[in-house]
Amino acid sequence: MFRAQAFLIAAFAAVASSAGFSGAAALEFTKQAVAFGPRPAGSDADRKLQAYILEQVRVSGAQITEDAFTAKTLRGDIAMKNILVKFPGKSGKAIAITGHFDTKYFPGRKFVGADDGGSSTGVLIELAKILVGQPRTDDVYLVFFDGEEAFGEWSDTDSLYGSRHLAERWRADGTLKRIKGLINVDMIGDKNLDIPQEMNSNANLRRLVWKTAADLKYQAYFVNEAINEDDDHMPFVKLGVPALDVIDVDYAPWHTDDDTMDKLSAQSLEIVGSVMFEVIHRLELQ
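Residues numbered from 1 in each chain as written. Predicted model: local features only at pLDDT ≥ 70, side-chain atom pairs only at ≥ 80, totals over all residues. Heavy atoms only, no water.

Caption draft 1: Region of interest: the overall build of the protein chain. Broken down by element type, the protein chain carries eight helices and eight strands. Here the protein chain has a C-alpha radius of gyration of 17 Å; the compact-globule value for 286 residues is 19 Å, and the two agree. Pairs at least 24 residues apart make up 78% of the contacts formed inside the protein chain by residues separated by at least 6 positions. Carbon and sulfur atoms form 53% of the exposed surface of the protein chain, whose accessible area is close to 11,800 Å². Positive and negative side-chain charges in the protein chain, numbering 31 and 41 respectively, have mean positions lying 7 Å apart. (Helix = DSSP H or I, 4+ residues; strand = E, 2+ residues; numbered from the N terminus. Rg over C-alpha atoms; globule rule 2.2 N^0.38 Å. Contact = heavy atoms within 4.5 Å. Areas by Shrake-Rupley, 256 points an atom, 1.4 Å probe, with all protein chains shown as cover. Lys, Arg positive; Asp, Glu negative; His and termini not counted. Charge placed at Lys NZ, Arg CZ, Asp CG, Glu CD.)

Caption draft 2: Representation of the sheet that holds strand 4 (residues 139-145) in the model. Read across the sheet, six strands follow the order 1-2-4-3-5-8 without closing on themselves; strand pairing throughout is mixed. Edge positions in the sheet fall to strand 1 (63-73) and strand 8 (243-247), since each has one partner strand and no second. Direction aside, neighbouring strands of the sheet carry axes that sit 20° apart on average. Examined bridge by bridge, strand 3 (residues 94-100) and strand 5 (residues 179-186) share five bridges and lie parallel to one another. Bridge pairing links alanine 96 to leucine 182 in strand 5. The strands that helix 4 (residues 114-130) touches are strand 2 (76-87), strand 3, strand 4 and strand 5; relative to strand 3, the one it contacts most, it runs at about 145°. Helix-sheet contacts for helix 8 (residues 266-284) involve strand 3, strand 4, strand 5 and strand 8, and the interaxial angle to strand 5 is about 175°. (Pairing = 2+ DSSP bridges. Axes fitted to C-alpha atoms, helices over the stretch in contact; angles between N-to-C directions.)

Caption draft 3: Spotlight on the confidence of the model for the protein chain. Here the protein chain averages 94 in pLDDT, while 93% of its residues score no lower than 70. Confidence drops under pLDDT 50 across residues 1-18; counting only partners more than four residues distant or on other chains, this segment forms 13 contacts. (pLDDT = per-residue confidence, 0-100.)

Caption draft 4: Broad picture of the packing of aromatic side chains. A full pass over the atoms with the stated rule returns nine aromatic pairs. Between the aromatic rings of tryptophan 210 and phenylalanine 222, the centroid separation amounts to 5.2 Å while the plane-to-plane angle is 90°, which identifies the pairing as edge-to-face. In this pair, tryptophan 210 is assigned in helix 6 (residues 203-215) and phenylalanine 222 in strand 7 (residues 222-227), connecting sequence segments 12 residues apart. By the ring-pair criterion, three or more aromatic residues cluster together here, those being Tyr141, Phe145, Trp170 and Phe236. The positively charged end of lysine 104 is found above the aromatic ring belonging to phenylalanine 106, 5.7 Å away from the centroid. (Phe/Tyr/Trp six-rings, centres within 6.5 Å; stacked < 30°, edge-to-face > 60°. Lys NZ or Arg CZ within 6 Å of the ring centre and 35° of its normal.)

Caption draft 5: Structural detail: unusual backbone geometry. With phi around 55°, leucine 160 is a residue other than glycine that occupies positive phi space. Residue placement: leucine 160 occurs in the loop between strand 4 and helix 5 (161-173). By relative accessible area, leucine 160 is classed as buried at 4%. Even without being glycine, lysine 217 reaches a positive phi, approximately 70°. Within the secondary structure, lysine 217 sits in the loop between helix 6 and strand 7. (Buried < 20%, exposed > 50% of the residue type's maximum accessible area, 1.4 Å probe, protein only.)

Caption draft 6: Seen up close, the packing of helix 4 against helix 8. Where helix 4 contacts helix 8, the axes come no closer than 10 Å and their chain directions differ by 50°. For the element pair helix 4 / helix 8, the angle class is oblique. The chirality of how helix 4 crosses helix 8 is right-handed. Every residue of helix 8 that contacts helix 4 at Ser119, Val123, Leu127 and Ile130 is listed here: Leu269, Gly273, Met276 and Phe277. A breakdown of the residues in the contact of helix 4 with helix 8 according to their chemical character gives six nonpolar, two polar and no charged. (Parallel < 35°, antiparallel > 145°, perpendicular 65-115°, else oblique. Left-handed = near helix turned anticlockwise from the far one by under 90°. Nonpolar A, V, L, I, M, F, W, Y, C, P; charged D, E, K, R; others polar.)

Okay, structure coming up:
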């Protein structure tokens, strides 16, 4: 049994390599997202980016859900929209890779969030492109969250609007019980990539991701430093879902107007995207 599973893992690794997650393509998708400028939830730029994402992810075999909702915020009621891209499987189980596309509200500034909001968008779009045409065991969801950022100071009620909304929606409709693993990617485009181990996350899922990175010769970028981070995975963690945050917090331009495209690299996006692509396959074997 062990040899058979090892063979299947090796075979899937070969498929991942041949399918080729393109860091260059992910960087271009990120660039297009960032070109909309500052895009806090509810803004015109945010809506334009939603339309761009929808245009890019309408690929063969994908089932698209526009998860629109109204969030109560410090700035009043704000219309937001998560975008869900589902590649259906047959097992009844599900896997989710998630990230956010909005940027923090900084009035009077030009905060375009190349890494913080842009990089996750680029990686998710490229994953949608390369998942096309693959036979699926489990349902695979790619989820683009709106409203990750706080409008004021980060708090339990002013943050994570999109992920809190979807966690409750999926709790109500039974989807949460079907999820084998949910991995959130955030700020993963930094040229100096080093992803620490987020300790609020599920330990088994964390071990799987770090083992996969090592098998793909990316162990130098998935480091052993431990952190605790409140991010879009946490609404799911709190409801008992095995969830993980993949985030590079060692990023000097965070929440500054210097978070621009020149700080990102195609290589970093390719590393993270390739690991996510392979982890999907390994989770399907479980």
